[in-house]
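# Architecture and fold: a report
Here are the chains, one letter per residue:
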Amino acid sequence: MTATTTSAAPTITSATAAPATDARALTGKRRIAFASFVDENYLPGFLALLRSLALSNPGVCEDFIVLHDDLKPSSVARIRALHPRVDFRRVDADHYDTYAKGDQDNYLVRKAYFILDVFRIRDYDTVITLDTDMVVLGSLAELLSLREGLAAVPQFFYGQHKLNSGLLVIQKEYLSDAFYAKIDKVGREGSYELDKHDQGILNAVLDGDFVRLDPKYNFVKRRLSGDLDVPDDTAILHFTGRHKPWQGGEAGYTKAQERWRDFEMSDAALQSAYLSRGGGNLHRDLLVHFGTPYVERTGDVDTARRVAHAHIANGDFQSAVDIMERVRLPIDEAWPHEVYGHALMSVSRYAEARAQLLLATAAPNRAATAFARLAQISWVHGDDTSAQQYALQGLTVDPTHRASRVWHQRATGVPAQAQGSAGEQLAHVAFYMDRQGNAGDKLLPESVRLAFDPDTTGRRWHSVHAHRLFDEAALERVNARRGLVIGGGGLFIPDTMPNGNSAWQWNVPDEMLERIDVPVAVYAVGFNAFDGQSYRAQRFRESLRRLVEKSAFFGLRNHGSIEKVRAMLPAHLHDKVRFQPCPTTVTRQLVANWQDPATRDDTILINAAYDRAGLRFGHDYGYFLAQMAKAVRDLGALAEVQIVAHSLDDEKLAFDLRREHGISLPVVPLYDFDNDGIRDLYARTKLVIGMRGHAGMIPFGCGTPIISLISHPKMAYFLADIERPEWGVSVHDRNLAAVLVERARDLLADHAMTVADVHGRQQELWKITQANAAELRTILG
């Protein structure tokens, strides 16, 4: 071990020891829901509304809150068949009796008042109300991107200072006890126009203070009197008045009612209509929701393939296998075989996967992908020769196929092992990144080794790639060493190189784990699930429990990960899970002969990450990009701004800023740097604004100030551990640009003092690392 001190670990403050681990609260990601009040009388209208929403916005699937006072179980079932994320909430019917002034038996009055319950919702940031006599005809993207105020369409007949009911886009400042108290007060006092009901109450409270939307978002039927055509740009058609289309309609509105009847269809017809929508714009949850019963009813192979692909994209690999097993695959259709093979290999049914993928190679348009997956399976099993051959076949079919090229490079670039004797070595399970791979993951294995020994070479270390199957031969090699170290990095994530043996990144079957007979140390591993991502399989929990039981030392890199992992373990194992900071955060202490730079480059480095972009940004990417454009212009007055790309995908920020906002910035391809180059770059800059975890932890470890762009809980976990939450800002923050510039200016104002603060925070992590090092020396010898 490098550390020489045996002092006890310092006391952790209560705030650090018990962190908030609610992912949405940490990332600030907006949670959006639709909401409607639904009654048996208006159920036909609501069902048409749900169908129209799915067909008009096939890529949108937000939660849908159904406010009701008494729905039949059969009605609940009919609603659930049309939307996968429905939340039924009862309204307090008696509460509004004082509003109704004796008119509570009038359904329209009751419906108008009950929708006010939407202002009692507290678990969403944005709520979009849709009336049950509406149908959606066009894109709602603009409504989903709204972030401030209460938005509505002004009344068409009664003056632009009043809003029209039915469509409201309500932000969180209105979803509050204070605002609801105002509504309740006006309702009880009756100080509003009684014939307008909820419109009257809201108009009385708002007094014209609302964001005005284009009439196309609440296009009232009355504007079409005389059988006028519905304008092509209408996004939401509202059948106001007492005569509803499902009740026979009203004379003079034939063409409008025909549009409503477009959505009067059976569940089977809706499934077919949704699945016929072209392109790749279908939301995965809706594709699964409508596609699964369609496959069960029809046995359609192509739909099964699409549903399986959606399951794979969601990380639900067993469900992908299950849906493919329900259909009979024709021998001559390659794509279903390729997807089925992908699903099978993801649950470690490798022999079956190989058979399916070999069938898929027969079709030129799927062959390259199938050969790349065959190369992957061979590499996982340690057969580099076959992996090379399959990868070359993929490149023969398509010389530009990136996955085939990656697997060919990985199979041909296997490092030589073991220059020293086995008894002097530690085995090291890690994700060993490829050339031009993620810079943070490239640096991690060496950083972990530095925490144990200044010699990070094969003389002292035996490398075990986490993604390769841990088989009998691997077990024998590990048991010949003096111990096993597992880490670092976010190895606890379900969809990076999935397998069915452990359901996390180390592909280790339970029986192989149990037969390891050398001391096992889990070191600085992170729980890396994104906001909105979950471990769906019991397999992960069981593998995790066995790993904790087997380990002599089990250290996670932040307290957020500790809390998440403890929640998955039986109580008697909780105390085994402890804090071990990522070694990149103490780089200055670990690298031999480290010298802080005498001078720094006058630069600010910005990093953005684009893996799982939907989970990072939700509907807010356009906003994020615009805010970054504004921030970059202002930051340029403080220092030269450069983009630093940890991986190839990170260069997207530079491309998008140039294309959308006319801003050109230099890009530093950090993925091409060696480890010394990565550390040197981050040590010499003045400030790093980064979205990747290691775009914060590596520069911090090099003594450089940081601001984290938080799109993943782990960023907030780290800042909580160093007691500097103000060094982070959510990518969803309403004032992102202003906050970034202000904090950058503050950190740079007295740069020497800021650097000293970084060093002080780092010293606390180093004390913990030293204390753990003393124990690990005893464990590993």
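The text that follows walks through the structure, step by step, so that each part is easy to find. Note that the structure is a prediction, hence the values are computed from the model and not measured.

Time to look at the overall build of the protein chain. The helix and strand tally for the protein chain stands at 33 helices and 23 strands. A compact globule built from 781 residues should have a C-alpha radius of gyration of about 28 Å, and the protein chain, at 29 Å, falls within 12% of that. Here the C-alpha coordinates of the protein chain stretch approximately 90 × 70 × 55 Å along the principal axes. Out of the 781 residues belonging to the protein chain, those deemed buried represent 60%. For the protein chain, restricting intrachain contacts to residue pairs at least 6 apart in sequence, the fraction spanning at least 24 positions comes to 72%. On the protein chain, roughly 30100 Å² of surface is accessible, and the fraction owed to carbon and sulfur atoms is 48%. For the protein chain, the distance from the average position of its 89 positive side-chain charges to the average position of its 98 negative side-chain charges is 1 Å.

Counting 125 residues, the largest nonpolar core has Phe492, Trp506 and Phe624 as the members making the most contacts within it. What Phe624 contacts, discounting residues up to four positions off in sequence, is Ala608, Tyr610, Phe617, Leu653, Met691, Leu709, Val731 and Leu736. Formed by 104 residues, the second largest nonpolar core is a distinct cluster that contains Tyr253, Ile312, Ala360 and Ala391.

A full pass over the atoms with the stated rule returns 49 salt bridges. Glu514 is the partner of Arg546 in a salt bridge, and the nearest nitrogen-oxygen pair spans 3.2 Å. With Arg546 in helix α23 (residues 538–550) and Glu514 in helix α22 (residues 510–514), this residue pair connects regions lying 32 residues apart in the sequence. On the basis of relative accessibility, which here comes to 37%, the residue Glu514 falls in the partly exposed class.

This part takes up the sheet that holds strand β9 (residues 219–220). A sheet is described by the order of its strands in space; here three strands give the open sequence β5-β10-β9, paired in mixed fashion. Looking at which strands have only one partner, the edges of the open sheet turn out to be β5 (134–136) and β9. Taken together, the two bridges between β9 and strand β10 (residues 236–238) define a ladder with parallel strand orientation. Each bridged residue has a counterpart across the sheet, and for Val220 the counterpart in β10 is His238.

The subject of this paragraph is the sheet that holds strand β7 (residues 163–171). Strand order in the open sheet made by the seven strands is β3-β2-β1-β4-β7-β6-β8, with mixed pairing throughout. Each edge of the open sheet carries a strand with a single partner, namely β3 (86–90) and β8 (211–212). Here strand β1 (residues 32–37) pairs with strand β2 (residues 63–68) via five bridges, running parallel. Across the sheet, the residue bridging to Phe34 is Phe64, located in β2. On the sheet, helix α3 (residues 43–56) packs against β1 and β2 and is oriented at approximately 170 degrees with respect to β2. Against the sheet, helix α4 (residues 73–80) engages β2 and β3, with an angle of about 150 degrees to β3.

In this structure, Phe64 sits in strand β2. The class of Phe64 is buried, set by a relative accessible area of 1%. On a C-alpha basis, the gap between Phe64 and Ile128 in space is 9.3 Å, while along the polypeptide they are 64 residues apart. If we skip the residues at most four places from it in the chain, Phe64 touches Phe34, Ala35, Ser36, Phe46, Leu49, Leu50, Leu53, His83, Arg85, Val86, Asp87 and Leu130.

Bringing unusual backbone geometry into the picture now. Positioned with a positive phi, Asp227 is a non-glycine residue whose angle comes to about 60 degrees. Residue position: Asp227 is located in the loop between β9 and β10. Looking at Asp227, the relative accessible area reads 30%, which means it is partly exposed. If you check the backbone angles, Ala524 has positive phi at about 60 degrees while not being a glycine. Inspection of the secondary structure puts Ala524 in strand β15 (residues 520–527). Residue classification places Ala524 among the buried positions, given a relative accessible area of 0%.

Right, let's get into empty space enclosed by the protein. For the structure on display, the rule yields three cavities of 30 Å³ or more. The volume enclosed by the largest cavity comes to roughly 60 Å³. Around the largest cavity sit Phe34, Leu50, Leu53, Ala54, Asn57, Val60, Cys61, Glu62, Leu82, His83 and Leu286, which together line it. In terms of residue count, the dominant contributor to the lining of the largest cavity is α3 (three residues). Taken together, the residues that form the lining of the largest cavity break down as eight nonpolar, two polar and one charged.

Right, let's talk about the packing of aromatic side chains for a bit. Here a ring pair, both rings aromatic, is described through the centre-centre distance and the interplanar angle of the planes. Following the criterion strictly, the structure yields 23 aromatic pairs and no others. Ring geometry for Phe46 against Phe64: centres 5.3 Å apart, planes inclined by 75 degrees, an arrangement best described as edge-to-face. Linking Phe46 in helix α3 with Phe64 in strand β2, this pair joins segments that are 18 residues apart in sequence. One exposure class covers both Phe46 and Phe64, and it is buried.

So, about the packing of helix α13 (residues 301–313) against helix α15 (residues 334–346). Relative to each other, α13 and α15 sit at 30 degrees, their axes nearing to 9 Å. In this view, α13 runs roughly parallel relative to α15, as classed from their interaxial angle. Along this stretch, α13 crosses α15, giving a crossing that reads as left-handed. Across the interface between the two elements, Val301, Arg305, Ala308, His309 and Ile312 from α13 touch Trp335, Pro336, Val339, His342 and Ala343 from α15. Split by residue class, the contact of α13 with α15 holds seven nonpolar, two polar and one charged.

Conventions and cut-offs
- Residues numbered from 1 in each chain as written.
- Predicted model: local features only at pLDDT ≥ 70, side-chain atom pairs only at ≥ 80, totals over all residues.
- Heavy atoms only, no water.
- Helix = DSSP H or I, 4+ residues; strand = E, 2+ residues; numbered from the N terminus.
- Rg over C-alpha atoms; globule rule 2.2 N^0.38 Å.
- Buried < 20%, exposed > 50% of the residue type's maximum accessible area, 1.4 Å probe, protein only.
- Contact = heavy atoms within 4.5 Å.
- Areas by Shrake-Rupley, 256 points an atom, 1.4 Å probe, with all protein chains shown as cover.
- Lys, Arg positive; Asp, Glu negative; His and termini not counted.
- Charge placed at Lys NZ, Arg CZ, Asp CG, Glu CD.
- Core = buried A, V, L, I, M, F, W, Y, C linked by side-chain atoms within 4.5 Å.
- Salt bridge = Lys/Arg side-chain N within 4 Å of Asp/Glu carboxyl O.
- Pairing = 2+ DSSP bridges.
- Axes fitted to C-alpha atoms, helices over the stretch in contact; angles between N-to-C directions.
- 1 Å grid on protein atoms, 1.4 Å probe; cavity = no way out; pocket = protein on both sides within 12 Å on 5 of 7 lines; lining within 4 Å.
- Points joined across faces, edges and corners; volume = space filled by probe spheres on them.
- Nonpolar A, V, L, I, M, F, W, Y, C, P; charged D, E, K, R; others polar.
- Phe/Tyr/Trp six-rings, centres within 6.5 Å; stacked < 30°, edge-to-face > 60°.
- Parallel < 35°, antiparallel > 145°, perpendicular 65-115°, else oblique.
- Left-handed = near helix turned anticlockwise from the far one by under 90°.

Function cannot be read off these values alone, since they describe shape.
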